[in-house]
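The lines below spell out each chain.
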There are 2 protein chains.
Amino acid sequence: MIKELLNECLYFTSNQLAREAGKIAEEEFSSIGLSPTYAFLILVVKVEPNITLSDLCKILHIAPSTGTRFVDKLIQKGLVERHTEGKLAKILLTEKGAILHDEIQKCWDRLYERYSLIFGKEEGDQLTKTVLAASHVLRNN
Amino acid sequence: MIKELLNECLYFTSNQLAREAGKIAEEEFSSIGLSPTYAFLILVVKVEPNITLSDLCKILHIAPSTGTRFVDKLIQKGLVERHTEGKLAKILLTEKGAILHDEIQKCWDRLYERYSLIFGKEEGDQLTKTVLAASHVLRNN
DNA sequence: TGGTATTGTTTGTACATACAACAAAAGGTG
DNA sequence: CACCTTTTGTTGTATGTACAAACAATACCA
């Protein structure tokens, strides 16, 4: 059957996994009204204040244009600020962003627990490692 | 470091994997001017002519609205036809679509070979199985 | 028989994401 | 110093995808 054939395709299966994982992550982060990638962006900026846009994008594995758009939206929500210095755009949290950070951290912890509950902690960790390793292998062709 | 923490998050890693796998798939399918999911849609319709939209969506794991949009675009390209019967929308290939199907099949085979080359056949297959299983586990909570 | 519930599809709208083109600044080489 | 190249960021535009609402056809039930 065609369905089985599709299930042997990594493009197909990895997209499915990402979408399922995404649904759960969105659920967990919905309480703060941000989707997961935005939340992660704030986590990164909290740890690395004054980070440049390009470094931020590298860490989050998003394209620079995507990074600009995300920052724009978070500025609109009053959660981060952009300080342009020469050609560099440095990002940092506003007070409001700093306050929200704690909530985000909690969501993140809950998300991890939820995955652990579903897969079992050991296996969940193993899965994540496997998936990460695979994406690295692909990136380096 | 924050990067390591993100790498322990399944949402994050699975999205990365999907995007990397997607890049390669898009490369392979670019010769026919379709992105992978459209190509898969044609594969499915070839095997299951007169399939209903909803069955198609189930097999491809996309939302019905997405399916409608995809079919619209493929009709525009003259590759599939939609025959509405009562409340059912049945999809089938046009002649042009049928001709393209062979090319798509070849792209698909090449894609599989390419993943196999990168990961090794055994490990590639294993990875795909693991990823599929994980997405199933998530789907059933 | 008529009314309501269910199912299947489409449309409006929105979002995450990317690429290509551009602008602006920085750095290097003559 | 002046020019070219590289780096960094932003904007225009496009794509894949989804959700919710609207719509349409059918099924069920009193």
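This one's a predicted model, so the numbers in the text were calculated from it and none came from an experiment.

A. Examining the sheet that holds strand β3 (residues 88-93) of chain A more closely. All names here are of chain A. Ordered in space as β1-β3-β2, the three strands form an open sheet in which the pairing is antiparallel. Looking at which strands have only one partner, the edges of the open sheet turn out to be β1 (51-52) and β2 (80-85). Sheet analysis places β2 next to β3, joined by six bridges and oriented antiparallel. Residue pairing in the sheet places V80 in a bridge with L93 of β3. With respect to the sheet, helix α3 (residues 36-47) is in contact with β1, β2 and β3, its orientation differing from that of β3 by roughly 95°.

B. Broad picture of the sheet that holds strand β3 (residues 88-93) of chain B. All names here are of chain B. The three strands lie next to each other as β1-β3-β2, forming an open sheet whose pairing is antiparallel. At either margin of the open sheet sits one strand with a lone partner, and together these are β1 (51-52) and β2 (80-85). Pairing of β1 with β3 involves two bridges; the strand directions are antiparallel. Of the residues in β3, the one forming a bridge with T52 is K90. Packing against the sheet, helix α3 (residues 36-47) makes contact with β1, β2 and β3, and its axis sits at approximately 95° to β3.

So, how was this worked out
Residues numbered from 1 in each chain as written. Chains lettered and ligands numbered in written order. Predicted model: local features only at pLDDT ≥ 70, side-chain atom pairs only at ≥ 80, totals over all residues. Pairing = 2+ DSSP bridges. Helix = DSSP H or I, 4+ residues; strand = E, 2+ residues; numbered from the N terminus. Contact = placed C-beta atoms within 7 Å. Axes fitted to C-alpha atoms, helices over the stretch in contact; angles between N-to-C directions.

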